[in-house]
Amino acid sequence: MAETIAVEVARYSPERGSEPIYQRYEVPLRKDWVVLDALNYIKDRVDGSLSFRWSCRMGICGSCGMTVNGVEKLTCETFLWEYAPGPVRVAPLRNFPVLRDLVIDMTDFMDKLAKVRPWIIRQDEKALSEGEYLQTPDQLETYKQFSMCINCMLCYAACPVYGLDPTFMGPAAIALAQRYNMDSRDQGASQRTDILSQHDGIWDCTFVEECSRACPKGVDPAAAIQQYKLTATTEWFKSLLMPWRGR
Amino acid sequence: MSAGSGRLPRPYLRRPSAWWWLGRWTYLTFMLRDFSCVFMAYFVVVTLLQIRALGNGPEAYAAFEAHLRNPLLIVLNAISLLFVVYHAVTFFNAASTATVVRVGGKRVPDFYITLPNYIAWAAASVVVAWLVLRA
Amino acid sequence: MRAAIAVAETNPKLSIAVVSKVYSMRSHTVSAEGGAAGVIASDDSLDEHAYDTISGGDWLSDQDAVEAFVKEAPEELLRLEHWGCPWSRQPDGRIAVRPFGGMIKKRTWFAADKTGFHMLHTLFQTSLKYTAVTRYDEAFVTKLLVDDGRVQGVVAIDLLTGKILAITAKAVILCTGGCGRVFPYTTNANIKNGDGMALALAAGAPLKDMEFIQYHPTGLPFTGILITEATRAEGGYLVNKDGYRYLQDYNLGTPQPQPVLRTMELGPRDRLSQAFVKEMEKGRTVEGPYGHIVYLDLRHLGAEVIETKLPMVRELCLKYENIDPIKEMIPVRPVVHYMMGGVHTDINGVTPLEGLLAAGEVACVSINGANRLGSNSLTELLVFGARAGRAAAVSEQLAPGGQKLGPIMAQALDEERRLEERLSRTGGRESIAGIREEMHHTMETGAGIYRSGASLAESANKLSELKERVESVAIDDHSRTFNTQLTAALELSFMLDVAEAIVHSALHRTESRGAHQRTDFAARDDQKFLAHSLVSRNADGSPKVEYLPVKITRWPPAERVYGRKA
């Protein structure tokens, strides 16, 4: 293995320029190092002005998503040696406005998460004294996968629809809605229908499936969306053919 | 209260280029899949014309067949067949993503959701082939 | 988040600001794996949970607080279940519990091995329901505003714009977590720099029991990534270089094939970490490329148990160590994990400084005493988050009438000037990484698992020196937009303040108790030290250490016994 590897990092600062430029750094190439280690090396020893988000460095907080050689990745779990002999290009996540260097604007994403009413909605609340809502392991399995989302936004970076049309609700938000829709304790699916079934909800999705390929946690948001398309259509037909059914 | 100018900083906005779909193999295969609908529509039209020719008697049908023998049309139909098969295969493979079937609490593996589609396709093809060839 | 919800539910007319230097779902609670303890099994009792906690804490826990904690624990965990937390279940649909270190009964609720992740996301998503809560995401708090002996708000840098914000409030609840990044090898994320502890200290609220730092016995050698205690709860073994389950040599019982509660690998964390150091001294650990290690052996658990109960552990080992725990042993060593100490609060999260409350790892109530039991801290943040929220929302805590904005704004403007100066300063001889590394080195060697008066005194001197040098740290990034070099420098200053508090508290406690082990004072001394250390600042800024007796209710101090009946 060579001693070092070249890392080209996108730099942008609104005070300095109107376009990002790439800056090249030589970084030690160690078997255990991930791309994040390289970025920290640069920040600590070469150029303290490099800005990026990171926290847990174990792939659970979702902070460190960036584009590495054209592909969206969590830089804390992407090993440098996989790109040897290099160079490795590190850029901010696609499809989001860039605020600074590798930091993108997350506000649209946060708004969308909140829009799907991601909490347990009940018609009848159970008192705490009555204990837990029973939920068998099988019932837990039905939504468990969709509950694994770490909000890293790699799926939004991968999705060409979101790139072309940022009003699209997006994979993670819809998967989160499904996580609640399919939770046996939730009774609020009907309250989420409107927001999901509108034009820039599920119907903007053309099933490219890149979101599920990008997802580092195996959430499979594409499945959530396609499944909901079936549900939404069935519900629509039911409401058409049996209008007396209450919502 | 603010430090400095207090303006919101100007973010850098990147818009995808019109050729975004050439950027990744999976994007390209997706676009091809969507594009295959054009060939599906084309085949529907050809089939409708074929039916009309059938209804207009043996002469009309012979004329129709002669048209089909045009080398350009043969090439076009061959390409269309490839796209239609691609369309069917991608569609069947996608079925398992949207369909979740649970038996005894466990999720039925994708393979068993996709397989019945292929079986149905094969069965339908056998029936149609038998109908056409025995004539 | 729990506190914010509690405030909103107690008094819907209050407006609540959640000010955080990261987005809510990045908070380090997200990485907690094992579980949250609460009595629920029919053969379990509140008294047993209390006793386990108190003995686990080596009798430094305030027993009235522990009693309140164990009582409210099941209710809070249940409330979270009602809010949607996907707790793992028994086949009949009821909540499942697993065994955990230091506990005599199974009482740890869990959500696979991602309990903290699910708890945090449930809390965050539920908090979105409450319109009274406004989030100030990526706002870095640099100072508490104090006037008239009360906390009146905070000064924060809005990271996006570099604007300095003054957020005035009738009460401030600190929930900033621990300070693991003061040490070099830690399970903690980059963001855990003891911000809240340093802020409180600077504002005049004392820090309690800072010398008690928990080393988690099983962290990965290079990254320090946590390998959850649940691996041992499911039956994992800790073996040395000879494949020998060495814990049997350290008064932790005799090895059994199945895990036995409060025995061997299910002993308390401080004892297990200390055993590692002793093994290392005996030359029975393995020297790896990143220091000495021992092995965690999960192979006998079988693929099914590992894949269903410990999937994240397997993922982490495969990814970061290239090891499949189904087939190979995992190299592990103790790493800094949790701070038992923190901002001194009472049983409701209220600090001696009016208008200031604290809850979670940043606070020290104390229920964890000298050593925390695994799965108590996730529950702690619910119980005391709720208590602090309720206490803050009640009118006695809130500043009476209007606030005198004049003096507060003057302070805020001063802080703005200080930050401006820091940002625009050029030159500077010191590097952030350089000082940080020296701090790490002195903390690890001077204030590690075993310390001595001499090693601590040396660290104290070193930290004094570093505190002076940090003032001339070079900041090359003069941008206002998302300046993470400035925040790194501020975090370093916070960490040095916290490190100093740790070292001075450790120096004054001339006994060994729980996680604080003095080689020069090896015994526990209940005569002098059945008390909490309180560190605050003298007028000249130097640290001052005093003592506050521990509250004993029903469990008089006794010998801490594991591995056999007391």
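For the structure itself, look to the data block above.
Residues numbered from 1 in each chain as written. Chains lettered and ligands numbered in written order. Predicted model: local features only at pLDDT ≥ 70, side-chain atom pairs only at ≥ 80, totals over all residues. Heavy atoms only, no water.

A.B. asks: I'd like a description of the overall build of chain A, backed by residues and values.
C.D. replies: Within chain A, the regular secondary structure consists of nine helices and seven strands. When the backbone C-alpha atoms are referred to their principal axes, chain A occupies close to 70 × 40 × 30 Å. Buried residues in chain A amount to 60% of all 247 residues. The long-range fraction of contacts in chain A, counting pairs at least 24 apart against all pairs at least 6 apart in sequence, stands at 63%. For chain A, the centre of its 28 positive side-chain charges and the centre of its 32 negative side-chain charges are spaced 1 Å apart. (Helix = DSSP H or I, 4+ residues; strand = E, 2+ residues; numbered from the N terminus. Buried < 20%, exposed > 50% of the residue type's maximum accessible area, 1.4 Å probe, protein only. Contact = heavy atoms within 4.5 Å. Lys, Arg positive; Asp, Glu negative; His and termini not counted. Charge placed at Lys NZ, Arg CZ, Asp CG, Glu CD.)

A.B. asks: Quick rundown of the interface of chain A and chain B? Include the residues and the values.
C.D. replies: Contacts between the two partners involve 39 residues from chain A, matched on the other side by 22 residues from chain B. Taking both sides of the interface into account, the surface hidden between chain A and chain B amounts to around 2,400 Å²; carbon and sulfur atoms contribute 53%. Linking chain A with chain B are two salt bridges. Between A:Glu210 and B:Arg24 there is a salt bridge, and its shortest N-O distance comes to 2.8 Å. Taken together, chain A and chain B are joined by 15 residue pairs in polar contact (both at pLDDT 80 or more). When residues of the side of chain A that touches chain B are traced back to their parent elements, those giving at least two are β4 (71-74), β6 (98-100), α3 (137-144), α4 (154-158), α5 (160-164), α8 (210-214) and α9 (221-241) of chain A. In terms of residues, the side of chain A that touches chain B owes the most to one element, α9(A), which gives five residues. Here the residues of the side of chain A that touches chain B sort into 21 nonpolar, ten polar and eight charged. (Buried area = accessible area lost by both parts, 1.4 Å probe. Salt bridge = Lys/Arg side-chain N within 4 Å of Asp/Glu carboxyl O. Polar contact = N/O pair within 3.5 Å; in protein donor to acceptor, adjacent residues only side chain to side chain. Nonpolar A, V, L, I, M, F, W, Y, C, P; charged D, E, K, R; others polar.)

A.B. asks: Report on the packing of aromatic side chains, specifying residues and quantitative values.
C.D. replies: Each aromatic ring pair is described using two quantities: the centre-to-centre distance and the angle formed by the ring planes. Residues and elements named next belong to chain B. Per the counting criterion, the structure on display carries 26 aromatic pairs over all chains. Taking 6.2 Å as the distance between ring centres and 35° as the angle between the ring planes, the aromatic pair formed by Tyr42 and Phe43 counts as tilted. On the basis of relative accessibility, which here comes to 21%, the residue Tyr42 falls in the partly exposed class. Between Phe92 and Tyr118, the ring centres sit 5.1 Å apart and the planes meet at 75°, which makes this aromatic pair edge-to-face. (Phe/Tyr/Trp six-rings, centres within 6.5 Å; stacked < 30°, edge-to-face > 60°.)

A.B. asks: Explain the side chain of C:His532 to me, using residue names and the numbers behind them.
C.D. replies: All names here are of chain C. Topologically, His532 is positioned in strand β21 (residues 531-537). A residue is classified by how much of its surface remains accessible, and His532, at 0% relative accessible area, is buried. For His532, the side chain forms a polar contact with the side chain of Asp62, separated by 3.0 Å. When sequence neighbours within four positions are dropped, the list of residues in contact with His532 reads Leu60, Asp62, Lys208, Asp209, Ser366, Arg509, Glu546, Tyr547, Leu548, Pro549 and Val550.

A.B. asks: Outline the packing of helix α2 (residues 46-56) of chain C against helix α3 (residues 63-82) of chain C, supporting the account with residue identities and numerical values.
C.D. replies: Residue and element names in this part refer to chain C. Where α2 meets α3, the closest approach of the two axes is 9 Å, and the angle between their N-to-C directions is 135°. As judged from the angle between their axes, α2 and α3 are oblique. The hand of the α2/α3 crossing is right-handed. Facing Leu46, His49, Ala50, Thr53 and Ile54 of α2, the residues of α3 in contact are Gln63, Val66, Phe69, Val70 and Lys71. In terms of residue class, the contact of α2 with α3 is made up of six nonpolar, three polar and one charged. (Axes fitted to C-alpha atoms, helices over the stretch in contact; angles between N-to-C directions. Parallel < 35°, antiparallel > 145°, perpendicular 65-115°, else oblique. Left-handed = near helix turned anticlockwise from the far one by under 90°.)

A.B. asks: Can you lay out the sheet that holds strand β6 (residues 139-147) of chain C for me, pointing to particular residues and giving the numbers?
C.D. replies: Residues and elements named next belong to chain C. Strand order in this open sheet of three strands is β6-β7-β8, and the pairing throughout is antiparallel. Edge strands, defined here as strands with exactly one partner in the open sheet, are β6 and β8 (164-168). Between one strand and the next, the sheet's axes are offset by a mean angle of 25°, whatever the strand orientation. Inspection of the sheet shows β6 paired to strand β7 (residues 150-158) by eight bridges, in the antiparallel sense. Opposite Ala139, over in β7, you have Asp158 as the bridge partner. (Pairing = 2+ DSSP bridges.)

A.B. asks: Give a description of the pattern of salt bridges that names residues and reports values.
C.D. replies: Inspection of the entire model under this criterion finds 74 salt bridges over all chains. Across the salt bridge formed by A:Arg179 and A:Asp183, the nearest N and O atoms sit 2.9 Å from each other. With respect to class, A:Arg179 is no different from A:Asp183; both count as buried. Put simply, C:Lys21 and C:Glu491 hold a salt bridge, and the shortest N to O gap is 2.8 Å. With C:Lys21 in the loop between β1 (16-20) and β2 (36-37) and C:Glu491 in helix α14 (residues 484-508), this pair connects stretches of sequence that are 470 residues apart. Judged by its relative accessible area of 11%, C:Glu491 is buried. In the salt-bridge network here, residues are joined through shared partners; they are C:Asp58, C:Asp209, C:Glu211, C:Asp270, C:Arg509, C:Glu511, C:Arg513, C:Arg524, C:Asp526 and C:Arg560.

A.B. asks: Pulling in residues and values, what's your account of helix α1 (residues 25-55) of chain B?
C.D. replies: In a regular helix each residue adds 1.5 Å, so 31 residues correspond to 45 Å; α1(B) covers 45 Å between its end C-alpha atoms and thus fits that length. By the burial criterion, the buried members of α1(B) are B:Tyr27, B:Phe30, B:Arg33, B:Ser36, B:Phe39, B:Val46 and B:Ala53. On its buried side, α1(B) packs onto α4, α5 and α8 of chain A together with α2 (58-68) and α3 (71-98) of chain B. Just past α1(B), the residue B:Gly57 takes up positive phi, approximately 100°. (Expected span 1.5 Å × (residues − 1).)

A.B. asks: Account for the pairing of β21(C), with residues named and values stated.
C.D. replies: Residues and elements named next belong to chain C. Within β21, six of the seven residues are buried, which leaves it mostly tucked inside the rest of the structure. Examined bridge by bridge, strand β10 (residues 207-208) and β21 share two bridges and lie antiparallel to one another. Within β21, the position partnered with Leu207 by the bridge is Val535. Sheet topology places β21 next to strand β22 (residues 543-549); seven bridges connect them, and they run antiparallel. Residue pairing across strands places Leu534 opposite Glu546, the latter belonging to β22.

A.B. asks: Could you give me a rundown of the environment of C:Glu9, with the residues and numbers involved?
C.D. replies: Residue and element names in this part refer to chain C. Position of Glu9 among the secondary structure elements: in helix α1 (residues 2-10). Overall, Glu9 belongs to the partly exposed group, its relative accessible area being 43%. Along the primary structure Glu9 and Thr108 are separated by 99 residues, whereas in three dimensions their C-alpha atoms are 27 Å apart.

A.B. asks: Give a description of the sheet that holds strand β3 (residues 97-98) of chain C that names residues and reports values.
C.D. replies: Residues and elements named next belong to chain C. Reading across the sheet, the three strands line up as β2-β4-β3 and stay open at both edges, with antiparallel pairing between neighbours. Looking along the sheet, the strands with just one partner apiece sit at the ends: β2 and β3. One ladder, built from two bridges, connects β2 with strand β4 (residues 108-109); its direction is antiparallel. Bridge pairing in β4 places Ala37 opposite Thr108.

A.B. asks: Please give an account of the environment of A:Gly48 that cites residues and values.
C.D. replies: Assignment of secondary structure puts A:Gly48 in the loop between α1 (35-46) and β3 (65-68). You can call A:Gly48 buried: its relative accessible area is 4%. Sequence separation of A:Gly48 and A:Leu140 is 92 residues, and the distance between their C-alpha atoms is 46 Å. When sequence neighbours within four positions are dropped, the list of residues in contact with A:Gly48 reads A:Ile42, A:Lys43, C:Asp476, C:Asp477 and C:Gln485.

A.B. asks: How would you sum up the side chain of C:Glu511? Please name residues and give values.
C.D. replies: Residues and elements named next belong to chain C. Counting through the fold element by element, Glu511 comes out in the loop between α14 and β20 (517-518). Here Glu511 falls in the buried class, since its relative accessible area comes to 1%. One polar contact links the side chain of Glu511 to the main-chain amide nitrogen of Asp525, over a distance of 2.7 Å. Those residues in contact with Glu511 that lie beyond four places of it in its chain are His516, Arg518, Phe521, Ala523, Arg524, Asp525 and Phe529.

A.B. asks: How would you explain the interface of chain A and chain C if you had to name every residue and give the values?
C.D. replies: Contact with chain A, which involves 64 residues of that partner, is made by 67 residues of chain C. Carbon and sulfur atoms make up 56% of the surface buried where chain A meets chain C, a total of about 5,300 Å² over both sides. Sorting the residues of chain A by area buried against chain C places A:Arg57, A:Met58 and A:Leu128 first, and these three jointly supply 14% of that buried surface. Counting the contacts that link chain A with chain C gives seven salt bridges. For A:Arg45, the salt bridge goes to C:Glu437, with nearest N and O atoms at 3.0 Å. Inspection of the region where chain A meets chain C yields 32 residue pairs in polar contact (both at pLDDT 80 or more). Broken down by secondary-structure element, the contributors of at least two residues to the side of chain A that touches chain C are α1, β6, α2 (107-115), α3 and α6 (171-181) of chain A.

A.B. asks: Before we move on, could you go through a nonpolar patch on the surface and cite the residues and values that matter?
C.D. replies: Nonpolar side chains collect at one region of the surface, where B:Val127, B:Val128, B:Trp130, B:Leu131, B:Val132 and B:Leu133 lie side by side and expose about 640 Å² of accessible area between them. Checked against the element boundaries, B:Leu131 lands in helix α4 (residues 110-134). (Patch = residues over 30% accessible without salt bridge, like charges linked within 9 Å, V, L, I, M, F, W, Y side chains within 5 Å. Areas by Shrake-Rupley, 256 points an atom, 1.4 Å probe, with all protein chains shown as cover.)

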